[in-house]
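Survey of secondary and tertiary structure
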Amino acid sequence: MIVIMNPDATMRDKSAVIARAEDLGFKVHLSEGKERTIIGIIGNDRVINREQIERMTGVERVVPILKPFKLASREFKASDTTFPLGNHTIGGGEIVIMAGPCSVESRSQIIETAIACKEAGAHVLRGGAFKPRTSPYAFQGLGEEGLKYLAEAREATGMPIVTEVMEPGLVPLVCEYADILQIGARNMQNYALLHAAGESQYPVLLKRGMSSLIEEWLMCAEYILSHGNTRVMLCERGIRTFETYTRNTFDINAIPVAKQLSHLPVVADPSHATGKWEYVAAAAKASVAAGADGIIIEVHPRPDEAMSDGAQSLKPEKFARLVREMKAIAQAVGREVNP
Ligand code: PEP
Ligand code: MN
């Protein structure tokens, strides 16, 4: 439930509410606004007596949160979550563009790609150093060496880095190099990883599991938020359906649904959602029109030589054209791409 305090509630009134909730074994989240303080009481609402809290001094009203996800819900927080990343703002209307190769393959490949993406208008550099591959015989990523090359690419371009972390034990290492931790579709429900990412207090890009309900995805975001880490982005990357002409089926519905249910920024990944470069631009432009706060796109200077996901990777020139088109779409729907 959330407790909305009167505008004239004193520090003492607030502390009393917090103490009462904590005594009953609940987690408390305090949000001090300009006019009002809101106290989130998180746990099982049935064992707390709502009237008892409502009668306390300084309390204006108590609103139960009916959804199973609490901290992630719009009921808990009506305004969009926004946070700064480098010179950009994530969430809150302006679209952020993340781009780069599926995998970091070499120092020169990531630096070349980073420079091309930056020139084309990207804000954040993507690239996997630890790769979750369907086959154990496929390229598994360069590991820490890849992280070092990413850091060099950041040096060269000034772009912050988003990269995947696959196990809880590697969160501290990845945090040494990354600006955003990516939790991949295959690991969406890896609860130990969600705990570790939550504890890290680093921004997290949480991909939707390939057969996951929107509610399951939001419950996973809740795990991260429950550690006090509020910098969580949701990423729709396509789901499994019976269709085989595309790698996955882009669930464009998930964008407005997630934005209605949650205050968290929503990013679209048209590369994994379609699996074929020919369809990436259409899905990317649709995402901008549908209200996505960000787009993450795979770009490779020589897709034929890519060690993973070449078929869905755009060449830099095609990516540059897409950025121009996304800007036009954004303008047409009264939005803007981050400068
Ligand atoms: C990736 O971003 O390269 C990736 C493996 O994505 P997903 O987890 O969505 O499959
Ligand atoms: Mn990929």
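Located above this text is the structure these notes cover.
Residues numbered from 1 in each chain as written. Chains lettered and ligands numbered in written order. Predicted model: local features only at pLDDT ≥ 70, side-chain atom pairs only at ≥ 80, totals over all residues. Heavy atoms only, no water.

1. So, the coordination of the manganese ion (ligand 2)
For a metal with four donors in a tetrahedral arrangement, the ideal angle between donors is 109.5 degrees, while six donors in an octahedron ideally sit at 90 or 180 degrees. Summarising the metal site, the manganese ion (ligand 2) is bound by the protein donors Cys102 (SG), His272 (NE2), Glu298 (OE) and Asp309 (OD), whose distances to it range over 2.0 to 2.4 Å. All donor residues of the manganese ion (ligand 2) come from one chain, and their arrangement in sequence is C-x169-H-x25-E-x10-D. Taken together, the residues Cys102 in the loop between β7 (94-100) and α3 (107-120) and His272 in helix α9 (residues 270-274) connect sequence positions 170 residues apart. (Donors = N, O, S within 2.8 Å, 3.2 Å for Na, K, Ca; no water. Helix = DSSP H or I, 4+ residues; strand = E, 2+ residues; numbered from the N terminus.)

2. Some details on the side chain of His88
Among the secondary structure elements, His88 is positioned in strand β6 (residues 88-90). Of the residues examined, His88 reaches a relative accessible area of 14% and is grouped as buried. With residues up to four places along the chain from it excluded, the contact list for His88 reads Phe83, His123, Asn338 and Pro339. (Buried < 20%, exposed > 50% of the residue type's maximum accessible area, 1.4 Å probe, protein only. Contact = heavy atoms within 4.5 Å.)

3. Some remarks on the pattern of salt bridges
A complete count under the given rule lists 15 salt bridges for this structure. Between Arg208 and Asp251 there is a salt bridge, with the nearest N and O atoms lying 2.7 Å from each other. In this pair, Arg208 is assigned in the loop between β11 (204-207) and α7 (214-225) and Asp251 in the loop between β12 (232-236) and α8 (254-261), connecting sequence segments 43 residues apart. With relative accessibility at 13%, the residue Asp251 sits in the buried group. Ionic pairing is found between Asp293 and Lys259, a salt bridge with its closest N-O pair at 2.7 Å. You can see Asp293 sitting in the loop between α10 (277-290) and β14 (294-298) and its partner Lys259 sitting in helix α8, a full 34 residues away along the chain. For Asp293, a relative accessible area of 2% translates into the label buried. On the basis of relative accessible area, Lys259 is assigned to the buried category, the value being 17%. The structure contains a network of salt bridges with shared partners spanning Glu112, Arg302 and Glu305. (Salt bridge = Lys/Arg side-chain N within 4 Å of Asp/Glu carboxyl O.)

4. Some points on the nonpolar core
The biggest cluster of nonpolar side chains holds 76 residues, and the ones touching the most others in it are Leu206, Ile295, Ile297, Phe319 and Met326. Looking at this core, the element that brings in the most residues is α7, giving seven residues. In contact with Phe319, other than residues within four places in its own chain, are Ile97, Ala99, Cys117, Ala120, Ala122, Ile297, Val299 and Leu314. One finds Met1, Ile39, Ile53 and Met56 within the second-largest nonpolar core, a separate group that totals 15 residues. (Core = buried A, V, L, I, M, F, W, Y, C linked by side-chain atoms within 4.5 Å.)

5. Observations regarding a positive patch on the surface
On the surface, a cluster of positive charge is contributed by Lys315, Lys318, Arg321 and Arg324. Among the structural elements, Arg324 can be located in helix α11 (residues 316-332). (Patch = residues over 30% accessible without salt bridge, like charges linked within 9 Å, V, L, I, M, F, W, Y side chains within 5 Å. Areas by Shrake-Rupley, 256 points an atom, 1.4 Å probe, with all protein chains shown as cover. Lys, Arg positive; Asp, Glu negative; His and termini not counted. Charge placed at Lys NZ, Arg CZ, Asp CG, Glu CD.)

6. Section: the site of ligand 1
Around ligand 1, 13 residues are found, and the nearest of them are Arg126, Gln182, Ala185, Arg186 and Arg237. One of the side-chain N or O atoms of Glu298 is found 3.3 Å from an oxygen atom in ligand 1. Compared with its free state, where it exposes 300 Å², ligand 1 has 97% of that area covered by protein. When grouped by side-chain class, the residues that make up the shell around ligand 1 number three nonpolar, three polar and seven charged. (Near = heavy atom within 4 Å. Polar contact = N/O pair within 3.5 Å; in protein donor to acceptor, adjacent residues only side chain to side chain. Nonpolar A, V, L, I, M, F, W, Y, C, P; charged D, E, K, R; others polar.)

7. Topic: the side chain of Thr157
Tracing the backbone shows Thr157 in helix α4 (residues 144-157). Here Thr157 falls in the buried class, since its relative accessible area comes to 10%. When near neighbours in sequence (up to four residues on either side) are disregarded, Thr157 contacts Ala114, Ile115 and Lys118.

8. Digging into α8
Within the span of α8, buried status applies to Ala254, Ile255, Ala258 and Lys259. Summarising the axial view, the buried residues of α8 lie within an arc of 125°, below the 170-degree limit, and thus occupy one face. The elements touched by buried residues of α8 are α7, β12, β13 (266-268) and α10. (Arc of directions from axis to C-beta.)

9. What about unusual backbone geometry?
A positive phi angle, close to 65°, is found at Gln201, a residue other than glycine. Considering the arrangement of structural elements, one finds Gln201 in the loop between α6 (191-200) and β11. What makes Gln201 partly exposed here is its relative accessible area of 34%. Positive phi, close to 55°, is recorded for Asp309, a residue that is not glycine.

10. So, the sheet that holds strand β3 (residues 37-42)
Taking strand neighbours across the sheet as the criterion, the four strands line up as β2-β3-β1-β4 in an open arrangement whose pairing is antiparallel. The strands lining the two open edges of the sheet, one partner per strand, are β2 (27-32) and β4 (59-63). Strand after strand, the sheet turns through a mean of 20° between neighbouring axes, direction not considered. Pairing of β2 with β3, which is carried by six bridges, proceeds in the antiparallel orientation. In the sheet register, Lys27 faces β3, and the bridge partner there is Ile42. Its contacts with the sheet place helix α1 (residues 11-23) against β1 (2-5), β2, β3 and β4, and it is angled at close to 160° to β2. (Pairing = 2+ DSSP bridges. Axes fitted to C-alpha atoms, helices over the stretch in contact; angles between N-to-C directions.)

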